[in-house]
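Single-letter residue listing:
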Number of protein chains: 2
Amino acid sequence: MLSERMKQKRYFLPEDEIPRQWYNIQADMPNKPMPMLDPATREPVTLEQLSEIFSVECCRQELNLTDRWIDIPEEVREKYKFYRSTPLVRAYGLEDALGTPAHIYFKNESVSPVGSHKLNSALAQAFYCKQEGVTNVTTETGAGQWGTALSYAANLFGMNAAVYQVKVSYEQKPYRRSMMQVFGAQVTPSPSMSTRAGKDILTAMPNHQGSLGTAISEAIELARTTPEKCKYTLGSTMSHVSLHQTVIGLEAEKQMEMAGEYPDIVIACFGGGSNFSGLAFPFMRHNFFDGKKTRFIAAEPSSCPKMTKGVFEYDFGDEAGYTPLIPMFTLGHKFQPANIHAGGLRYHGAGGVVSQLMKDNIMEAVDIRQTESFKAGVLFAKAEGIVPAPESCHAIAATIREAEICRQTGESKVILFNLTGHGLMDMSAYDQYLSGNLIDIDY
Amino acid sequence: MLSERMKQKRYFLPEDEIPRQWYNIQADMPNKPMPMLDPATREPVTLEQLSEIFSVECCRQELNLTDRWIDIPEEVREKYKFYRSTPLVRAYGLEDALGTPAHIYFKNESVSPVGSHKLNSALAQAFYCKQEGVTNVTTETGAGQWGTALSYAANLFGMNAAVYQVKVSYEQKPYRRSMMQVFGAQVTPSPSMSTRAGKDILTAMPNHQGSLGTAISEAIELARTTPEKCKYTLGSTMSHVSLHQTVIGLEAEKQMEMAGEYPDIVIACFGGGSNFSGLAFPFMRHNFFDGKKTRFIAAEPSSCPKMTKGVFEYDFGDEAGYTPLIPMFTLGHKFQPANIHAGGLRYHGAGGVVSQLMKDNIMEAVDIRQTESFKAGVLFAKAEGIVPAPESCHAIAATIREAEICRQTGESKVILFNLTGHGLMDMSAYDQYLSGNLIDIDY
């Protein structure tokens, strides 16, 4: 006879329950995000200015503060069906390993073709670009999750992709580069000598290891200096990216209902905010309107703690200062993050929307050391069979902290976290951890 | 408006439709497989002899020629629910890329926690070992798919695992080793100096690159020379392994029915026969009894073509001659396969059951060169978003050959192939292919 706890449960939605609309939290926020500013005039940026680098439709979504629901184009939703719904999993194995009365669930975004949640926005952005006649797209990538997603999506819609990958990740994770190349993308380690921004940085700092901020500068410059059919795309921070990612939380809402529970705590790792937003925003609206008291916790690395140790101010999104000024929690756009393995979290700032939510105490943040994150990742892998991405390990570590509190208090809180991606291309990081050679680098 | 062909379809089974029994083809074969023989006496091996190295229950299954259906233990079926049913996918993207009227489906076993079909048998074997009081299990692995599966399953049931990994794969695929270690296994490159068999080979051939045959010898020796609570487990060739893998085909049968089609051709890559058997056997019974005329094609590497260029005879399953004599298509148990990237197909022989089916013309075989396999893999990755394991690339290449014939004849044949695993830990092989440095090595 099997006990109920031996039965790991996965919840899927039928195809016709996959969301048809994204949730635009900007319509519902108690305080709207402050506008992005043109650095020259300090006036709010216009649709025209933004759409010089991004697809027009993404810019419209970016500036849309009123429509709560935005239709998912049918072409995008059909591509979502390649891998969605992603499973919601009750993590009985992890609960048992921790001996906690907490009920732990995770949304498994690692099952997407490219191995992470990033595809949710890459498909949308690539579709809009294609629809607007774009032939070439470019972007930055840290760990490579976003770059892989964009490479795949661009290929799917018949466009070329050029990806600037943060140099330290390019070297730490060669398999990610290969995967982007399999999908036909051109991949360049950043900083590179192929852009003015890259050259300037390398001239000043020949051993610069790269950062997301620098890679963004290079990609924006490429988009600006290439004939008009090249657009820039971004994997996090902006509100249209968060919008696309809400498909995660909207599915999770229905799946938690199938499980007969509602989360007391929602946890996600935090780089610029894309997966956090995607999982948390749909649940936040029930805090706004339905009296729910869910806690939302962003788990960031202790070496790059913009939410817990940064300041809220207008700052650039990139190293060279090509972006508009963004109202954000930031460590400064010249900040050079340490070379932790969670390359996707090595970003100096948070998006404008999440920054406002943080300022308004609608969410909280914790910082996690690298060794704590990998310890959590190995425990999870043994308990649930999935080797998590180093980024996701931060969410697992934060989940374990909350589950430990439950163990002490005896409370059966319902915790939901986002498993953003698998770590199959990060095994060298696990090697380093298992051999005792991983170090902690605090801010 | 979307055309029907833009809609990739995935078919899942509800949890209560996951099979409750495996299919034992030995009960239904027109000619039963010839018995394994004790090499000393040339008498059929007994249950007692076999169970010196394997779990008793697996040996019972191995020798069971009469029961068509074998119950899946509830504990194993519960673990299957972690990842099963695996999706059956209509590969519209691949069809479009080929311009073929064929209807192509694949069974996506790459979604298992360990990334391949191997877990289907690892869970069963680990469970039986545990039930019989075993504390330590050991095995060989080539590419690392089986070793990873056993490492995970052993950890899940609270046992220690020791894995001998073929040296060339150990070096080509370091991430696989790391993954086994994350699951707590001890991994040794084979041939090693830790066994008599390994020492003998290294003394004679100091640069021996390893083979599955050699690694099997080492693992069997470890099981035999370790106190009684250590058992050997095997990832392919034997009929109990094929039996466990039939969960693939039994699911696929129901899923093809959901799709409203029945396969004209079933294709799987071929190392020792485990995934081929798993997908094909359940469909074969309809050839036996229901007048179906499905073709079954094993796709093997041209560098290790036991089915197309081997001979049918009694041979050992391992290099040192520790196994019983097995009736098999074989290239000789001393054969040293070339260092192709599809490490899981580098085995000199086929299992006894599939060998008999081959001899009786119930199935066919083709051989595929390494470059053709990777060309197929890249095409598939771009079309379907999944980077396939080098082994699976052989099945894809054979599928493409058949789809090309359909393109020429205009026939809409229904082709079903097994996507045994993902290639995320084999990206160095893709690198080599994309840079033009991959070579073909024929037998």
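Look above for the structure.
Residues numbered from 1 in each chain as written. Chains lettered and ligands numbered in written order. Predicted model: local features only at pLDDT ≥ 70, side-chain atom pairs only at ≥ 80, totals over all residues. Heavy atoms only, no water.

Engineer: How do you make sense of the sheet that holds strand β10 (residues 265–269) of chain B when you look at a structure like this?
Structural biologist: Within a sheet, adjacent strands bond to each other through the backbone by hydrogen bonds, running parallel or antiparallel. All names here are of chain B. In space, the 7 strands of this open sheet follow the order β1-β4-β5-β15-β10-β11-β14, with mixed pairing throughout. Whereas interior strands pair on both sides, the edge strands pair on one side only; in this sheet they are β1 (9–11) and β14 (364–368). Ignoring strand direction, the axes of neighbouring strands in this sheet form an average angle of 25 degrees. Summarising the sheet, strand β5 (residues 103–108) and strand β15 (residues 414–419) pair through 6 bridges and their orientation is parallel. Note on β15: the bridge partner recorded for F106 is F417. (Pairing = 2+ DSSP bridges. Helix = DSSP H or I, 4+ residues; strand = E, 2+ residues; numbered from the N terminus. Axes fitted to C-alpha atoms, helices over the stretch in contact; angles between N-to-C directions.)

Engineer: What is the right way to look at the relation of the copies chain A and chain B in this model?
Structural biologist: For the pair chain A and chain B, the superposition axis carries a translation of 0.0 Å, the fit reaches an RMSD of 0.0 Å, and the rotation angle comes to 180 degrees. Here the copies are linked by what is in effect a two-fold axis. Of the residues that chain A buries at the interface, 100% are likewise interface residues in chain B, meaning the two copies contact each other through the same surface. (Least-squares fit on C-alpha atoms with pLDDT ≥ 70 in both. Contact = heavy atoms within 4.5 Å.)

Engineer: I keep staring at the pattern of salt bridges and nothing clicks. Help me out?
Structural biologist: Here the idea is simple: oppositely charged side chains can pair when their charged atoms come close. All names here are of chain A. Counted under the stated rule, the structure contains 46 salt bridges over all chains. Ionic pairing is found between E251 and R84, a salt bridge with its closest N-O pair at 2.8 Å. Remark: R84 occurs in the loop between α3 (74–80) and β4 (88–90) and E251 occurs in helix α11 (residues 239–259); sequence separation between them is 167 residues. Here E251 matches R84 in class, with each residue buried. (Salt bridge = Lys/Arg side-chain N within 4 Å of Asp/Glu carboxyl O. Buried < 20%, exposed > 50% of the residue type's maximum accessible area, 1.4 Å probe, protein only.)

Engineer: Looking at this structure, I do not really get the packing of aromatic side chains. What am I missing?
Structural biologist: Aromatic ring pairs are defined here through the distance separating the ring centres and the angle between the ring planes. Considering all chains together, one arrives at 34 aromatic pairs over all chains under this definition. Each ring, one from F270 of chain B and one from F276 of chain B, has its centre 5.9 Å from the other, and the planes form 65 degrees; the classification is edge-to-face. Since its relative accessible area comes to 0%, F270 of chain B is described here as buried. Linked through ring pairs, F106, F380 and F417 of chain A together constitute an aromatic cluster. Residue placement shows R285 of chain B over the ring face of Y23 of chain B; its charged tip is 5.5 Å from the ring centre. (Phe/Tyr/Trp six-rings, centres within 6.5 Å; stacked < 30°, edge-to-face > 60°. Lys NZ or Arg CZ within 6 Å of the ring centre and 35° of its normal.)

Engineer: For this particular structure, what's the right way to read the interface of chain A and chain B?
Structural biologist: One frequently used descriptor of interface size is the decrease in accessible area upon assembly of the parts. Across the contact, 45 residues belong to chain A and 45 residues belong to chain B. In this assembly, chain A packs against chain B so that about 4,100 Å² is buried in total across both faces, 58% of it on carbon and sulfur atoms. Counting every contact that joins chain A to chain B gives 4 salt bridges. Across the pair D431 of chain B and R177 of chain A runs a salt bridge whose closest N-O atoms are separated by 3.3 Å. Linking chain A with chain B are 13 residue pairs in polar contact (both at pLDDT 80 or more). Secondary structure elements with two or more residues in the side of chain A that touches chain B: β1 (9–11), α3, α6 (145–156), α8 (174–182), α15 (370–384) and α17 (427–434) of chain A. Here the side of chain A that touches chain B takes 7 residues from α8 of chain A, the largest share from any one element. The residue inventory of the side of chain A that touches chain B, partitioned by class, reads 20 nonpolar, 10 polar and 15 charged. (Buried area = accessible area lost by both parts, 1.4 Å probe. Polar contact = N/O pair within 3.5 Å; in protein donor to acceptor, adjacent residues only side chain to side chain. Nonpolar A, V, L, I, M, F, W, Y, C, P; charged D, E, K, R; others polar.)

Engineer: Sorry, what's going on with α11 of chain A here?
Structural biologist: The α-helix winds at 3.6 residues per turn, so residues separated by three or four positions along the chain end up facing the same way. Residues and elements named next belong to chain A. Taking 1.5 Å of rise per residue, 21 residues should cover 30 Å, and α11 covers 30 Å from first to last C-alpha, within 8% of that figure. Along α11, the sharpest kink reaches roughly 35 degrees, centred on Q245. With 18 of its 21 residues buried, α11 lies for the most part within the structure. Trailing α11 by a residue or two, G260 shows a phi angle of about 75 degrees, which is positive. (Expected span 1.5 Å × (residues − 1). Bend = angle between axes of the 7 residues up to and from the residue.)

Engineer: Just to check I follow, could you spell out the environment of V247 of chain A for this structure?
Structural biologist: Residue and element names in this part refer to chain A. Within the secondary structure, V247 sits in helix α11. Between the C-alpha atom of V247 and that of F281, which follows or precedes it by 34 residues, the distance is 10.0 Å. If sequence neighbours within four positions are ignored, V247 has contacts with P19, W22, Y80, R84 and N120.

Engineer: Honestly, helix α6 (residues 145–156) of chain B in this entry has me stumped. Any pointers?
Structural biologist: Its 12 residues give α6 of chain B an end-to-end C-alpha distance of 17 Å, which sits within 8% of 16 Å, the value for a rise of 1.5 Å per residue. In terms of burial, α6 of chain B is a largely internal element, 10 of the 12 residues being buried. When α6 of chain B is considered as a whole, its buried residues turn out to be Q145, W146, G147, T148, A149, L150, S151, Y152, A153 and A154 of chain B. As for α6 of chain B, its buried residues are in contact with α15 of chain A together with α5 (119–131), β6 (136–141), β7 (160–166) and α8 (174–182) of chain B.

Engineer: Where do I start with the pairing of strand β15 (residues 414–419) of chain A in this structure?
Structural biologist: Put simply, side chains in a regular strand alternate between the two faces of the sheet. Residues and elements named next belong to chain A. With 6 of 6 residues buried, β15 lies mostly within the body of the structure. Where burial is concerned, the two faces of β15 agree: the one with V414, L416 and N418 and the one with I415, F417 and L419 are both buried. Bridge count for strand β10 (residues 265–269) against β15 is 3 bridges, and the pairing is parallel. When the sheet's bridge partners are listed, I265 is paired in β15 with I415.

Engineer: How should I be thinking about the environment of E411 of chain A in this particular structure?
Structural biologist: Residues and elements named next belong to chain A. If you trace the backbone, E411 turns up in the loop between α16 (390–409) and β15. For the pair E411 and I248, spaced 163 residues apart in sequence, the C-alpha separation works out to 27 Å. The residues contacting E411, other than those within four sequence positions of it, are P101, A102 and C406. At a separation of 3.2 Å, a polar atom in the side chain of E411 contacts the side chain of T409.

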